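If you want the building blocks of each chain, they are given just below.
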Amino acid sequence: KAGVTQTPRYLIKTRGQQVTLSCSPISGHRSVSWYQQTPGQGLQFLFEYFSETQRNKGNFPGRFSGRQFSNSRSEMNVSTLELGDSALYLCASSQSWLADGTDTQYFGPGTRLTVL
Amino acid sequence: QQQVKQSPQSLIVQKGGISIINCAYENTAFDYFPWYQQFPGKGPALLIAIRPDVSEKKEGRFTISFNKSAKQFSLHIMDSQPGDSATYFCAASMVPVYQLIWGAGTKLIIKP
């Protein structure tokens, strides 16, 4: 099975612009989560989608948004970019069907966003 | 209450030695504790995970020890190899796993 894919891998934007990142989950996985990774703050949860619905949201401003399509692919959007948004954005997918709820999250390689 | 504290920040171990990384959590509602390994340029990959109903779980050279009363858990890497050099993250979550709360990471270097 192909792993989680994220596009683009690298992105350079300027302050004030907006950006859209894409994530294709492992085939059959219905849950997609997004995380931001920075040297200063580490890994922080952004949001999680299941069957096109946002089930859980982290503590990020409204400039960060996402959506999930019927084929489970997901996009996240960041509007009005700030310098502090420079980070590695990671997408993870899981089956979200295990009875004990401990479905493993499988991560993609991330999109490296640089805001100038 | 949502924090997971991880130590040490960095660790150097000789080849063949035991690498030990520790984590502590505050939220007693957490009941799923995974460890992830991340190589440069890659996303994190699950190594091993534990639920609080067991005190230890072993998979190959990797062992999680869990102390529910102390709210601590640790990763032991036996017979550490240069290929184990990576950044290791502990995490915690309630079940079902919607979101992971992460430790700050430990950069492990195994010296040949």
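For the structure itself, consult the block above.
Criteria and thresholds
- Residues numbered from 1 in each chain as written.
- Chains lettered and ligands numbered in written order.
- Predicted model: local features only at pLDDT ≥ 70, side-chain atom pairs only at ≥ 80, totals over all residues.
- Heavy atoms only, no water.
- Helix = DSSP H or I, 4+ residues; strand = E, 2+ residues; numbered from the N terminus.
- Rg over C-alpha atoms; globule rule 2.2 N^0.38 Å.
- Buried < 20%, exposed > 50% of the residue type's maximum accessible area, 1.4 Å probe, protein only.
- Contact = heavy atoms within 4.5 Å.
- Areas by Shrake-Rupley, 256 points an atom, 1.4 Å probe, with all protein chains shown as cover.
- Lys, Arg positive; Asp, Glu negative; His and termini not counted.
- Charge placed at Lys NZ, Arg CZ, Asp CG, Glu CD.
- Pairing = 2+ DSSP bridges.
- Axes fitted to C-alpha atoms, helices over the stretch in contact; angles between N-to-C directions.
- Buried area = accessible area lost by both parts, 1.4 Å probe.
- Salt bridge = Lys/Arg side-chain N within 4 Å of Asp/Glu carboxyl O.
- Core = buried A, V, L, I, M, F, W, Y, C linked by side-chain atoms within 4.5 Å.

## Here we look at the overall build of chain A
1) Next: When helices and strands are counted, chain A shows zero helices and eleven strands.
2) Next: Walking chain A from its N terminus toward its C terminus, one meets helices and strands in the order β-β-β-β-β-β-β-β-β-β-β.
3) Next: Scaling as 2.2 N^0.38, a compact globule of 116 residues should have a C-alpha radius of gyration of about 13 Å, and chain A matches this with 14 Å.
4) Next: When the backbone C-alpha atoms are referred to their principal axes, chain A occupies close to 45 × 25 × 25 Å.
5) Next: When the 116 residues of chain A are sorted by exposure, 51% land in the buried category.
6) Next: Considering only contacts within chain A whose residues lie at least 6 apart along the sequence, 55% involve residues at least 24 apart.
7) Next: Of the roughly 5500 Å² of accessible surface on chain A, a fraction of 49% belongs to carbon and sulfur atoms.
8) Next: Seen as two clouds, the 11 positive and the 7 negative side-chain charges of chain A have centres 7 Å apart.

## What to know about the pairing of strand β2 (residues 10-14) of chain B
All names here are of chain B.
1) Next: Residue alternation in β2 divides its side chains into a buried set, Leu11 and Val13, and an unburied set, Ser10, Ile12 and Gln14.
2) Next: Relative to strand β11 (residues 106-111), β2 runs parallel, the two sharing five bridges. Residue pairing across strands places Val13 opposite Ile110, the latter belonging to β11.

## Details of the environment of B:Tyr25
Residues and elements named next belong to chain B.
1) Next: Relative to the helices and strands, Tyr25 resides in strand β3 (residues 19-25).
2) Next: Distance in space between the C-alpha atoms of Tyr25 and Leu108 is 21 Å, their sequence separation being 83 residues.
3) Next: Leave out the neighbours within four places in its chain, and Tyr25 touches Gln3, Val4, Phe30, Phe33, Phe66, Lys68, Lys71, Gln72 and Phe73.

## Some thoughts on the sheet that holds strand β8 (residues 72-77) of chain B
Residues and elements named next belong to chain B.
1) Next: The antiparallel open sheet is built from five strands, whose spatial order is β1-β3-β8-β7-β6. Each edge of the sheet is formed by a strand with only one pairing partner; in this case those strands are β1 (4-7) and β6 (56-59). For this sheet the average axis-to-axis angle between neighbouring strands, irrespective of direction, equals 15°.
2) Next: Taken together, the four bridges between β1 and β3 define a ladder with antiparallel strand orientation.

## Remarks on the interface of chain B and chain A
1) Next: Between chain B and chain A, the contact holds 17 residues from the first and 20 residues from the second.
2) Next: Counting the surface lost from both chain B and chain A, the interface buries some 1600 Å², and carbon and sulfur atoms represent 55% of this.
3) Next: It is B:Tyr98, B:Gln99 and B:Trp102 in chain B that bury the most area against chain A; as a group they hold 36% of the surface buried on that side.
4) Next: Summed over the shared surface of chain B and chain A, the number is zero salt bridges.

## Looking at the environment of A:Val32
Residues and elements named next belong to chain A.
1) Next: With respect to the secondary-structure elements, Val32 resides in strand β4 (residues 31-38).
2) Next: The buried category is assigned to Val32, whose relative accessible area is 0%.
3) Next: Along the sequence, Val32 and Gln95 sit 63 residues apart, while their C-alpha atoms lie 9.1 Å from each other.

## What about the nonpolar core?
1) Next: Ranked by internal contacts, the top residues of the largest apolar core, which has 25 residues, are B:Val4, B:Phe33, B:Trp35, B:Phe73, B:Leu75 and B:Tyr88.
2) Next: Broken down by secondary-structure element, the contributors of at least two residues to this core are β2, β3, β4 (33-38), β5 (45-50), β7 (62-67), β8, β9 (86-92) and β11 of chain B.
3) Next: Of all the elements, β9(B) adds the most residues to this core, at four residues.
4) Next: Those residues in contact with B:Tyr88, other than ones at most four positions away along the chain, are B:Gln6, B:Ile21, B:Tyr36, B:Gln37, B:Leu47, B:Leu75, B:Ile77, B:Gly105, B:Thr106 and B:Leu108.
5) Next: Counting 21 residues, the second-largest nonpolar core is a separate cluster that includes A:Val4, A:Ile26, A:Leu46 and A:Phe64.

These figures capture arrangement, not role.
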